[in-house]
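Per-entry structural report
Now for the letters of each chain:
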Amino acid sequence: MRRKTSRLLRGIALLSTLALGATACGGSDDGSDQKAVSASDIQAALKKGGSVTVWAWEPTLKTVAADFEKKYPKVKINLVSERSGDKHYTALSNAISAEKGVPDVAQVEYFAVSQYSLTKGLTDLAPYGADKLASKYTPGPWNAVSEGKAVYGLPMDSGPMALFYNKTVFDKYKVAVPTTWDEYVDAARKLHKADPKVYIANDAGDAGFTTSMLWQAGSRPYKVDGTTVKIDFSDAGAKKYTDTWQKLIDEKLLAPINGWTDDWYKGLGDGTIATLATGAWMPANFVTGVPGAKGDWRAAPMPAWTKGDKASAENGGSSLALPALGKNKELAYAFVEYANSGAGVQTRVKQGAFPATTAELQSTEFQSTKFDYFGGQEANKIFADSAANVADDWSYLPFQQYANSIFNDTVGKAYVSGTKLADGLKAWQDASVKYGEEQGFTVEK
Amino acid sequence: MTTLQPPAAAEPRPAPPPARRDRRSWTGWGFIGPFVAVFALVFLAPIAYSIYLSLFRDQLIGGTTFVGVDNYTQALKDDQFWAALGRVSLFLAVQVPIMLGIALLVALVLDSGRLYGKSFFRITIFLPYAVPAVVATLMWGFMYGTKYGLVGDINEAFGVSLPDPLSPDLVLASIGNIVTWEFVGYNMLIFYSALRVIPHSLYEAAEIDGAGQIRVITAIKLPAIRGALVIATIFSIIGSFQLFNEPNILRPLARNAITTDYTPNYYTYSLSFNGQQHNYSATVAIIMGVITMVIAYVVQLRGMRKGA
C-alpha cells in the first residue's frame, strides 16, 4: 500500500508538471498586420459597434468615455482605472505574456513606451492614420511615442516642468524666488537658516525627478538604437546636476520626505517644503491634495543652469496605446483619437489635464485661465512656455521601469549615507547595464 | 488444510476475492482522495511549476530559452541573494532569541501563579498577534516617523534628537522590534499551554525535596516544554527567512534604507514584479526553500535528540 501511494503521488506530480509545462509552452507570434486602415473602415466599425476595454488611471477619461458612448451609441467603453503606475504595468506585462485578458487600449507613460514597443507589445498606429497627426503635438511627447515611421500611441498629456513655490514662505523670510540653480542653493541656505524647519524642497531619491533634472541640465545618459543601448552618467550635464545637488544634500537642505506620502502633503501644506520642481500636471493635485494651502503657492519657470537659458524638460505624462494582442482595433483607435486628438482634448483640459496638443497650449482661452489656487495667476502661460522649450534628444531606456525600481537601491544611498551622488549614479548605471545584458540588449560601454 | 477442499471444484468461481480487494483499496483512496487532490493542486503543482520555470530564461530580446541549471549557478554566485540571506540570518540570530526569551519569561511568570490579573496580562500580551501584520507595520511606521510621527513628537517635546529608526543602520532593528511586538504573545501562548499540562504532583514532589522556584523551572518546567520550544524555534526560523510584509510595507517610508533585495523573499518579489525575471525569481525561491527546510530540519533533529 505504501509503495503504491508514493508511486501514485509521483504520477500526479509528473502529470501536473507536464500539464503545466504544456500550457506554459504556448508559442507567441506577433500579430503585426501592416495593412492601412482607412477612415471609412473606422467609421464602418463605429456604426457596427462593439466594446473597447481601456486600462487607464487618467481621471478625466471618465467623462470622455461617456461622451464617446453618447456619440457612438453602439460602442461600449469599459474603463478600468483602479490600477496605476507599477501595478498597472505589472498587470499589463502579465496579460501580454499570458496572451490573455489584454486590454484593447492601455495608458502607457512616455518612459515606458519603448519597453513595450520594442517587444512588439504595441500596435503601430501609423496605418490607422496616426502618422498624420504629428504636427498636432508638441515635440517632446511626440518623440516619446514615435520611432522612425512607427507611432505607438497618441500623447494624452504632458509634463513640461515648472517651479512651484510657496510665496508666503518666500515673502515671510524676504528671499527672492530663484531663477538659476545657483540662486536656488542660496535660497535653500537662507530659508533653512531663517527657520530650521523650512526646506527648499523634499527629495529622498526619486528616479523620475532625477532623470528630468538631468534632462534639463543637458545630460543625455541613455542612448537607444533598437536593441543597442548606452548608459553613461558621466557627461558634463550630469556633472552640473550632481555638483549642485550634492551641496543641497551635504548641507541637509532637502527634506527627507518621499513624494505622494502623507508627510509630503503635510509638508506642502504647512510651509516645510518651500518649492517643488515638477510637471505642469501638478496644479490639480495641489487643489485636491493640499487644499489648506490655497493662495500660498505660485508657479515660476524652472531655474536655469546658466542665467537666461530657457531649456526645460518633461516630467511624467502619458499616452494611450493599443496593445498588439488587443481586439477591436478600429474601435480602439477611434476612441484614442477622439480622446487625445479630437473633442476629448477640450473636455480633459477643462477638467485640469495638461494637454500635449499645440492648438490647446497656444489658445488664448487656455493661456489666460486664472488659477484660483495660485491666487489668480495665469500659470498656463508659464507651462506653455516651458513646453515650447523642452530640450530635445532625450530618450529613456527600453527597460526604464526596471531601472527606476532600483534607483533607491543605488542612488538612494547618496541621500542617507556618505556615498556621493555621482557615485550613486555610477552604481545605478552599472546595475542597469547588468540588467540590460541579462535581457539580451547590446550594451555599449 | 487439506480437509478444506472445496466440494464442487468443477465449478469455476468468478474470482470474488480480487474484486473484494479492489473495492477495499478504492475505499481507502476515497478517504484520502480529496486530500491528495488538494495537496497536489496547491502544494505539489506550484512547486513542480516553479522547478519547471527555473530551467528557462525569458529575455526582453530573444524570448524564452531552455537554460538547464544556469539559473542555479547564477543564483549561487549572486551577491544580492547572499547579502539578503545574510541579513535575515542576522535577524534570526538576534531577534528570535530575544523574542522567544521574552515569550518564555512571560509564560513562566503567568504560570507561576504569583501574578494578580493573570488573564488580563495574558490577553493584552497576546493581543498584538490579533492585529494583522500589515496594520501593525503601518502603525509602527507612523510611530517611527521623525517628521510627523511619534519619534518626531518626542524629539520636539523633550528637545532631544533620537536617531531615525528608519535609517539604513537601524531599520533592521526597527523591523525586529515590530516582529517581536507581534509574535511575543503568540509564542507565549504556545509555551504557556505547554506549561499548563505539566502534572502538579511533580511540583509538590519537588517542594518536598526542597527545590526552589528556579530549580523547579530548570529541572521540571523547561525539560517538559522542550517540544514546544523546538516548535516555536522552527516557526520563528521559517518566519525570519520569509520576512517580507514588514519591509514591503515600510519601504515607501524608507526607500533608501530598504532595498529591493532586502530579504530573500523581497528579492524574489522584485525580480518577478519589477524585472519580469520570473524564471530567475523561481530559482531563488527554490534555493531559499531548500535552505529553510535544511535548517529547520537540523534544528528539529537536534532539539529532539536532546529530548531523547
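Since the model is a prediction, treat every value here as computed from it, not as a measurement. (Residues numbered from 1 in each chain as written. Chains lettered and ligands numbered in written order. Predicted model: local features only at pLDDT ≥ 70, side-chain atom pairs only at ≥ 80, totals over all residues.)

Considering the overall build of chain A
What chain A contains, in helices and strands, is 21 helices and 15 strands. Taken over the C-alpha trace, chain A has a radius of gyration of 24 Å; the compact-globule value for 445 residues is 22 Å, and the two agree within 12%. Taking the principal axes of the C-alpha coordinates as reference, chain A spans close to 80 × 60 × 45 Å. Relative to its full complement of 445 residues, chain A shows a buried share of 49%. Contacts in chain A between residues at least 24 apart in sequence constitute 76% of all its contacts with a sequence separation of at least 6. (Helix = DSSP H or I, 4+ residues; strand = E, 2+ residues; numbered from the N terminus. Rg over C-alpha atoms; globule rule 2.2 N^0.38 Å. Buried ≥ 20, exposed ≤ 12 C-beta atoms within 10 Å, placed from the backbone. Contact = placed C-beta atoms within 7 Å.)

Notes on helix H21 (residues 421–438) of chain A
Here H21 of chain A is 18 residues long and its end C-alpha atoms lie 26 Å apart, about the 26 Å a rise of 1.5 Å per residue gives. Against the buried residues of H21 of chain A lie strand S10 (228–231), helix H10 (236–250), helix H18 (400–405), helix H19 (407–410), helix H20 (413–416) and strand S15 (442–444) of chain A. (Expected span 1.5 Å × (residues − 1).)

Regarding the pairing of strand S9 (residues 222–225) of chain A
Residue and element names in this part refer to chain A. As defined by bridge partners, S9 adjoins S10 across four bridges and the pair is classed as antiparallel. Bridging from a neighbouring strand, Asp225 pairs with Thr228 of S10. Between S9 and S10, which pair antiparallel one after the other, the connecting turn spans two residues, and Gly226 there sits at a positive phi close to 65°. (Pairing = 2+ DSSP bridges.)

Quick word on the UniProt feature "transmembrane region" (unreviewed entry) in chain B
UniProt marks residues 29–52, 88–108, 120–143, 170–192, 224–244 and 280–299 of chain B with the feature "transmembrane region" (unreviewed entry), using the numbering shown here. Counting secondary structure, residues 170–192 of chain B comes out at 96% helix and 0% strand; the distance between its end C-alpha atoms is 32 Å. (UniProt positions renumbered as here; feature names shortened; annotations may be inferred.)

Some thoughts on the pairing of strand S3 (residues 105–109) of chain A
Residues and elements named next belong to chain A. In terms of burial, S3 is largely enclosed, as five of its five residues are buried. Burial along S3 is two-sided: Val105, Gln107 and Glu109 and Ala106 and Val108, pointing in opposite directions, are all buried. Where S3 meets strand S14 (residues 318–321), four bridges bridge the pair, whose relative direction is antiparallel. Pairing of Gln107 across the sheet is with Leu320, part of S14.

Structural notes on the sheet that holds strand S12 (residues 275–279) of chain A
Residue and element names in this part refer to chain A. Pairing in this open sheet of three strands is antiparallel, and the strands run S12-S7-S13 from one edge to the other. Bordering the open sheet on either side are S12 and strand S13 (297–300), each of which pairs with just one other strand. Mean inter-strand twist for the sheet, computed between neighbouring axes without regard to direction, equals 30°. (Axes fitted to C-alpha atoms, helices over the stretch in contact; angles between N-to-C directions.)

A word on the interface of chain A and chain B
Chain A puts 33 residues into the contact, and the matching count from chain B is 28 residues. At six residues, the largest contribution of residues to the side of chain A that touches chain B is made by helix H1 (residues 2–24) of chain A. Considered class by class, the residues forming the side of chain A that touches chain B number 13 nonpolar, 16 polar and four charged. (Nonpolar A, V, L, I, M, F, W, Y, C, P; charged D, E, K, R; others polar.)

A short note on the nonpolar core
In terms of nonpolar packing, the biggest core is built from 189 residues, with Phe335 of chain A together with Phe191 of chain B touching the most fellow members. Sorting elements by how many residues they give to this core places helix H7 (residues 171–196) of chain B first, with 13 residues. Counting contributing residues, this core receives three or more from each of domain 1 (39–158 + 316–362) and domain 2 (161–313 + 371–444) of chain A. (Core = buried A, V, L, I, M, F, W, Y, C linked by C-beta atoms within 7 Å. Domains from an automatic or database assignment.)

What to know about the environment of Ile406 of chain A
With respect to the helices and strands, Ile406 of chain A occurs in the loop between H18 and H19. Note on Ile406 of chain A: 23 C-beta atoms within 10 Å, which makes it buried. Expressed as a C-alpha distance, the spacing of Ile406 of chain A and Tyr89 of chain A, which sit 317 residues apart in the sequence, is 16 Å. Contact partners of Ile406 of chain A, with chain neighbours within four places excluded, come to Ala431 of chain A together with Thr260 of chain B.

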